[in-house]
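Remarks on the overall topology
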Amino acid sequence: LYSINLYFGLETDDFLKRYSDIFERFSDIEVKDYSTLNLKYISYRYLSLVNNHSVIDNSFEKFREWEKLNNNEKMIISNVIGFHGGINEFKRMLNLYSKSNNPEEKVILISGLSDFRRRNLLVELLDKALDGTIRLQDWRYLFNNISRNPESIYILYSWIKENIEEIRKYEKAYLVIRDVIFSLFNLYTGPITKEIRDYLIRNLPRYKNDILKFYQYSEAISEWVNKNKKYVEDIL
């Protein structure tokens, strides 16, 4: 449902709220295994998007005691904090990431940080990838997550162009740079993807095959959205 909302540009309040009751059933379930953890995580993420005050308040209350939470509890609330947090929450999350020695916790914090809705904070987060604050092995999580944040559409391509020389220093880190490239084609659709394709081929030529593959993926998504938008709107 989140992906449909993202790709089709449907009105969040009008579309997502229709399904809130489904997710409210799972917001209070006890986490016993991976399945129940996933259900609770998804329900919190979804309900935060439709401004469910109970979920938001509960998440911020728990965030104040982050160090006392286990990783399951941290995972459940991290995106809620990102989506509704401001500069204080952003700086605290970044500090928690820097101090943590737990790889799983770091990934959870990257996910939450990638969900902030202020463009200046997203730029600052991306900058932290280049100054060493965010580990190279975590770039994959950063760019994959940030490509699902609709606010990133205003900054990601510009940021990559401004910092392409720094990014090229990591060209040999194949999986990392591959995910940076994919993030652009996952986020952007329409005519701009041809410009992105050509720009990346010029500046990262050793990744040409991946760039062309991801471009075709983006084209297929755009074509499918254009073809089916009216149908999807009607059935939802």
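Above this text is the structure in question.
Since this is a predicted model, take the numbers as computed values, not measurements.

Criteria and cut-off values
Numbering of residues begins from 1 in every chain and follows the order in which that chain's sequence is written. Selection of residues for local features in this predicted model requires a pLDDT of at least 70, selection of side-chain atom pairs for listing and counting requires 80 or more, and totals for whole chains, interfaces and linings are taken over all residues. Side-chain figures throughout are based on the complete set of non-hydrogen atoms in the structure, without hydrogens or water. Whenever a helix is involved, its axis is fitted only over the stretch in contact; in every case the axis is a line through C-alpha atoms, and angles between N-to-C directions fall within 0 to 180 degrees. A run of H or I in DSSP counts as a helix once it spans at least four residues, and a run of E counts as a strand once it spans at least two, with each numbered from the N terminus. Should an angle fall under 35 degrees it is called roughly parallel, over 145 degrees roughly antiparallel, and 65 to 115 degrees roughly perpendicular, with every other angle called oblique. The handedness criterion is simple: a crossing whose near helix is rotated anticlockwise from the far helix by less than a right angle is left-handed, and one whose near helix is rotated clockwise is right-handed. Any two residues whose heavy atoms approach within 4.5 Å are treated as being in contact. Under the scheme applied, nonpolar residues are Ala, Val, Leu, Ile, Met, Phe, Trp, Tyr, Cys and Pro; charged residues are Asp, Glu, Lys and Arg; polar residues are all the others, including Gly. Classification of ring pairs uses Phe, Tyr and Trp, with its six-membered ring standing for Trp, and accepts pairs whose centres are within 6.5 Å; under 30 degrees between planes counts as stacked, over 60 as edge-to-face, and the remaining range as tilted. When a residue's accessible area, from a 1.4 Å probe over protein chains only, is under 20% of the maximum for its type it is buried; when over 50% it is exposed; and in between it is partly exposed.

Some thoughts on the packing of helix 7 (residues 87–99) against helix 9 (residues 119–130)
Two elements in contact, helix 7 and helix 9, have axes whose closest approach is 11 Å; the angle formed by their N-to-C orientations is 15°. Judged on the interaxial angle alone, helix 9 and helix 7 are roughly parallel. Every pair of crossing elements has a handedness; the one defined by helix 7 and helix 9 is right-handed. Contacts from Ile87, Phe90, Lys91 and Leu94 in helix 7 reach Leu121, Glu124, Leu125 and Lys128 in helix 9. Each residue belonging to the contact of helix 7 with helix 9 can be placed in one class, and the counts come to five nonpolar, no polar and three charged.

Remarks on the packing of aromatic side chains
What the rule picks out here adds up to 12 aromatic pairs. Ring plane angle 45° and centroid distance 6.1 Å describe the contact between Phe143 and Trp159, whose orientation is recorded as tilted. Of this pair, Phe143 sits in helix 10 (residues 139–146) while Trp159 sits in helix 11 (residues 156–162), placing them 16 residues apart in sequence. There is no split in this pair, since Phe143 and Trp159 are both buried. Ring geometry for Tyr174 against Tyr207: centres 5.6 Å apart, planes inclined by 5°, an arrangement best described as stacked.

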